[in-house]
Amino acid sequence: MSDTAVVTEEVQEVKAEMVPVYIMGKRYDVPNSLTIMKAMEYAGYQYIRGAGCRGGVCGACATVYRLPGDYHIRVGLACQTVVEPNMYLTQIPFFPANRAVYDWENIKGEAEEVFQAYPELFRCLACNACTKVCPMDVPVMDYVAAIKRGDLEKAAELSFDCIQCGLCATRCMAEMAQYHIAQMVRRINGKFIAPHSEHCHKQVEAIKSGYYTDKIKEVMELGTVDPFDDSTKTDKIDKLIELYKARETEPHTAVEDWKPESDFALLK
Amino acid sequence: MPYPDSLKQLIKKVEETRPERIVKKKAGEEFPALSLDDRGKVLQAFHPDVKEEGRRAIEIGPNKGYRIANEMVDLLEAKSRVNPEDVDLSNVDYETDVLVIGGGGAGTAAALLAQEQGAKVIIATKLRHGDANTMMAEGGIQAATKGWKDSPYYHYLDVMGGGHFTNKPELVETLTNEAPDVIRWLLEMGCNFSKYPDGILKTMHGGGTSRKRMHYAADITGAEMMRTVRDESRNRPDDITVIEFSPAVELILNDKGHCAGAVLYNMETAEYVVVKAKSVVMATGGSGRLHVQNFMTTNHYGATGDGIVIAYRAGVPICFLHTIQYHPTGVIFPEQAEGILITEKFRGAGANLVNVEGNQFVFEREPRDIEAACIIKECVNVNKGVPTPSGKFGIWLDSPMLDAMFGEGYVKKEFPGKHILFSRFGIDIGLEPMLIYPTLHYQNGGLEFQADSTTKIPGLFIAGEVGGGTHGENRLMGNSLLDIMVYGRISGENAGKYALNGAQDGDLSLEHVAKYNAEIEAADIDGSRIAPMLLPDYTLEHVKEKQLTANYEGTMR
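Residues numbered from 1 in each chain as written. Chains lettered and ligands numbered in written order. Predicted model: local features only at pLDDT ≥ 70, side-chain atom pairs only at ≥ 80, totals over all residues.

Visitor: Describe the overall build of chain B, with residues and values.
Guide: Within chain B, the secondary structure is distributed over 17 helices and 23 strands. Taken over C-alpha atoms, the radius of gyration comes to 23 Å for chain B, in line with the 24 Å a tight globule of 557 residues would show. By principal-axis analysis of the C-alpha atoms, chain B measures approximately 70 × 60 × 45 Å. The proportion of buried residues among the 557 residues of chain B is 64%. (Helix = DSSP H or I, 4+ residues; strand = E, 2+ residues; numbered from the N terminus. Rg over C-alpha atoms; globule rule 2.2 N^0.38 Å. Buried ≥ 20, exposed ≤ 12 C-beta atoms within 10 Å, placed from the backbone.)

Spelled out as structure tokens, the structure:
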């Protein structure tokens, strides 16, 4: 295999230009093609906190920075944001947040329940600092407003991309932890507001009643291959392979109520 | 970085062939899938698993002689991080009914179910609660929820075929039978799967599926599942305690040979603490951060295979670790996003893979190992890879054809996470294709366990990627999110019941660790290595050569 096709996480021989960045106020020169996370590792930091998925979805590496001569606070995820010359940065790997405990089994799915769990919602001053600071471009203030007017479905939709990094909570004048509130709202949406999926329950019942049991047992009895023992490639396995090959594949463009030609092992 | 001109020129070739490819797709004419024979041939020639110099036989432990990746053998043939004699087992720091090791999807589901049996639970996790591969899984979760066209029977066949018919039948039966109930459970917990207005769950194909049964929550399915179960665990603070930044470094057995807790390492204070438990759920996940054969990985920062190492030392055999799943489509350019997973859902939705000439060379819905081997072949053997500015080769994943087929804005709507990611680099994946290459994605094998999550050590239960056998030699897309929930729930339920009814108390012991260390010395193996790794080391040489007094314990200083 050609080595050019194989790459590691480590920074490769870098042709890139070096730029200064200030990590918590201290200057390091790093290649300008790196993300903040890789730049910190290039500088010699070894992460314990502040690194998680390294793919932009876990919210562990929220970063705040400023550029020279500019009063704006800028934000990004360290694993996703490419360094800029002279950026002053710090990560905020943790920020204390209030999370209400609620009894999910007894939640009825009403906005009132969210208000009771998080009365601080009504301290919102609509300053929009939360939205400005969100590295995922979630319209935080808008979903808070939607919750306040009881539109939980809208709030669930608007907050869907939230990765719960907590930057909104760091900037909130009302001292809310918006992301925890949105989480409760999305769960209410999923259980109470989104349409009910009857077919799933029907299938669970069918399985529990043993509707498919015999057919699955039959195919299980054909056994399995031990990859290190050719004698396990028996006639039964040939039969299993035949069944596998013969299974009808739902066409890519099939509509939802498509049915295969054979109704074998299906609900009638 | 937007695509440079050199790549923009090459994109024109993709655009030239696109209209004809779309016409074919709409007519149901797919690029021919490989026969089972041809699949075997391409795997034998081009899959990284078959590279003999990449593996060696383990010299000690229950699977002596088993040939697996060098990087994993290095860890299995390593001594403990801490001298077992230094740990004072009479001084128990935490006592609980069930200890769950790992705070991802499997561990959290286990904690919920164990708590529901009446058990007190501790979740010990290396990073934050939820910093796990679960969070990163994008594509979806398989379940045969649609009785008019699908059932666990077909799901079973697909799983067996994907795994080259090597999977353990009982594990597959449980996986596929429990799948619809897992979806029901998640829906009732408020998980937001994508649905049609009539409530029918949206599903699509994945590689190797015969029916569209991949359920999803936009393109952040794993994150939506993880944040839902994590949120619920936070509703039970009296019973579920989470200890973060504290990975387990050894299992503790008792004098009856039963699992009775673990030694945790507080990475922030460098203290080792003793947790005594009546049962233990091992849910530490995978090992992409070992960078086998120097491949990039889609895995989270903590995926270093710790659970395999410490359970193997305690005597649990491993299986199917001779295969590793390389996800066919990791980002290879722009460099900042290198290794990041591009969900198989793009291919499930019909996006073609095309070479530097804009031509298809593989059906886009082959199982993952086949797809990856075909991409490697196209780049290193056929030499029709797309050269990247960083000197590597990739293949185009033609996302714009989805917009062309399903309407402008489709990609942005269905793949919001990836759309934002690329837009940060100045690339609109609704208009320009993505450059991809296979990347280390999943540990197909792991610790041996039964369909009730038990192992050969009483009191030790297994859930999720750390276990082996469910997927045989190759996992299909959408079956890992399923795996963690099915076996997370089963392990939690059974560990909870065992803790409250079956567990026998005894004197705590780390004798198995001392014995294992002695075996390493006797076997004349390099005794300087320690394990588990805990975190990878990305410190560069230019820093290391100046760290004149830094003390590295394995990869960590």
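Visitor: Now, about the environment of D198(B): what can you tell me, with residues and values included?
Guide: Along the polypeptide, D198(B) turns up in the loop between α7 (169-188) and β7 (203-204). Separated by 189 residues in the primary sequence, D198(B) and P387(B) have C-alpha atoms spaced 47 Å apart.

Visitor: Could you give an account of the sheet that holds strand β19 (residues 446-448) of chain B, naming the residues involved and the relevant values?
Guide: Residues and elements named next belong to chain B. Strand order in the open sheet formed by three strands is β13-β19-β21, and the pairing between neighbours is mixed. At either margin of the open sheet sits one strand with a lone partner, and together these are β13 (318-319) and β21 (467-468). Across two bridges, β19 lies against β21 in parallel orientation. From the neighbouring strand, L447 faces β21, where its bridge partner is G467. (Pairing = 2+ DSSP bridges.)

Visitor: So, the interface of chain B and chain A: which residues are in play, and what are the values?
Guide: Taken together, the contacts link 94 residues of chain B with 87 residues of chain A. For the side of chain B that touches chain A, the elements supplying multiple residues, two or more each, are α5 (133-136), α6 (152-162), α7, α8 (221-233), α11 (368-380) and α14 (416-423) of chain B. In terms of residue count, α7(B) provides more of the side of chain B that touches chain A than any other element does, nine residues in total. The residue inventory of the side of chain B that touches chain A, partitioned by class, reads 42 nonpolar, 28 polar and 24 charged. (Contact = placed C-beta atoms within 7 Å. Nonpolar A, V, L, I, M, F, W, Y, C, P; charged D, E, K, R; others polar.)

Visitor: Describe the sheet that holds β7(B), and please don't skip the residues or the numbers.
Guide: Residues and elements named next belong to chain B. Spatially, β6-β8-β7 is the arrangement adopted by the three strands of the open sheet, whose pairing is antiparallel. Looking at which strands have only one partner, the edges of the open sheet turn out to be β6 (141-142) and β7. As paired elements, β7 and strand β8 (residues 214-215) share two bridges and run antiparallel to each other. Bridge pairing links M204 to M214 in β8.

Visitor: How would you summarise helix α4 (residues 140-148) of chain A if you had to cite specific residues and measurements?
Guide: Residue and element names in this part refer to chain A. Burial in α4 covers these residues: V140, M141, Y143, V144, A146 and I147. The elements touched by buried residues of α4 are α2 (111-117), α3 (129-133), α5 (152-158), α6 (167-171) and α7 (178-193). G150, located one to two residues past α4, shows a positive phi value of around 85°.

Visitor: Before we move on, could you go through the confidence of the model for chain A and cite the residues and values that matter?
Guide: Averaged over every residue, the pLDDT of chain A is 93; the share at 70 or more is 94%. Ignoring residues within four places in sequence, the model shows residues 1-14 of chain A, a span with pLDDT below 50, making 35 contacts including any to other chains. (pLDDT = per-residue confidence, 0-100.)

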